[in-house]
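# Chain and residue survey
Here are the chains, one letter per residue:
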Amino acid sequence: DGAGKTTMLRDIARQLSTGSHPLRICIVDERSELAGSYQGLVQNDLGKNCDVLDACPKAIGIKQMLRTMSPDVIITDEIGSQGDIDALLDAAYCGVRIMASVHGNHVYDFYKRPCFHDLVSRGVFERVITISRREGHSKIESVSDSEGNLLFKGAS
């Protein structure tokens, strides 16, 4: 939908994987959108401490990264299946932080879906950021905590 979810995840990955205290970032990039991989080579700058698993189903890739790469953070785009949810729960229970995007028309759509509500209530996601595309550019609409309490509301 062009709101900028993937771009935001890419920028966060780069920032977390560089600097004086870089984190070990693992990206599971099922559709080659985050890393922009072409013929197995990452085209986008994701930082120097970032590993990418390209063209692998998210549920399988998350479990592989968890077992083999000792990530601090796993990042993936457009979660939706129960397999994705189960893999994210496994990673969270191992102490790995999760960053992911989800499609929806409004933040309330996210909280209404039982599988996503379960992820938030189990502490997998500490924050939910709602972004949209208005007047030709992306905008952060709101930031909520794991209970749905509004922490930030963008200007209208």
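Residues numbered from 1 in each chain as written. Predicted model: local features only at pLDDT ≥ 70, side-chain atom pairs only at ≥ 80, totals over all residues. Heavy atoms only, no water.

### Brief notes about empty space enclosed by the protein
Under the counting rule described, the total for this entry stands at one cavity of 30 Å³ or more. In this structure, the largest cavity occupies an estimated 30 Å³ of space. Every residue along the wall of the largest cavity is listed here: Val28, Asp29, Glu30, Arg31, Glu33, Lys58 and Asp77. Taken together, the residues of the lining of the largest cavity sort by class into one nonpolar, no polar and six charged. (1 Å grid on protein atoms, 1.4 Å probe; cavity = no way out; pocket = protein on both sides within 12 Å on 5 of 7 lines; lining within 4 Å. Points joined across faces, edges and corners; volume = space filled by probe spheres on them. Nonpolar A, V, L, I, M, F, W, Y, C, P; charged D, E, K, R; others polar.)

### Quick look at the layout of surface pockets
Reported here for the largest pocket is a volume of approximately 1,200 Å³. Lining the largest pocket are 42 residues, and of these Ala100, Arg127, Val128, Ile129 and Thr130 lie nearest its centre. Mapped onto the lining of the largest pocket, the elements with two or more residues apiece are helix H1 (5–16), strand S4 (97–100), helix H4 (107–112), strand S5 (127–134), strand S6 (137–145) and strand S7 (150–153). The element contributing the most residues to the lining of the largest pocket is S5, with seven residues. Partitioned by chemical class, the residues of the lining of the largest pocket number 23 nonpolar, 11 polar and eight charged. (Helix = DSSP H or I, 4+ residues; strand = E, 2+ residues; numbered from the N terminus.)

### Regarding the sheet that holds strand S1 (residues 25–29)
Two strands in a sheet stick together by hydrogen bonds in their backbones, pointing the same way (parallel) or opposite ways (antiparallel). Read across the open sheet, the four strands follow the order S2-S1-S3-S4; overall the sheet is parallel. Both edges of this open sheet fall to strand S2 (50–54) and S4, since each of them pairs with a single strand only. Looking at each pair of strands side by side, their axes are set apart by 20 degrees on average, direction ignored. Taken together, the five bridges between S1 and S2 define a ladder with parallel strand orientation. The residue bridging aspartate 29 from the neighbouring strand is aspartate 54, located in S2. Here helix H2 (residues 58–68) sits on the sheet in contact with S1, S2 and strand S3 (73–76), set at roughly 160 degrees to S1. (Pairing = 2+ DSSP bridges. Axes fitted to C-alpha atoms, helices over the stretch in contact; angles between N-to-C directions. Contact = heavy atoms within 4.5 Å.)

### What about the state of the cysteines?
The full count for this structure, using the stated rule, is zero disulfides. Cysteine 50 carries a free sulfur, and the closest cysteine sulfur to it, the one in cysteine 26, is 7.3 Å from it. (Disulfide = S-S within 2.5 Å.)

### Side note on the sheet that holds S5
Overall, antiparallel pairing links the three strands, which are arranged S5-S6-S7 in an open sheet. Looking along the sheet, the strands with just one partner apiece sit at the ends: S5 and S7. Along the sheet, successive strands turn relative to each other by an average axial angle of 20 degrees, direction set aside. Pairing analysis gives eight bridges linking S5 to S6, with the strands arranged antiparallel. Within S6, the residue paired with valine 128 across the bridge is serine 144.

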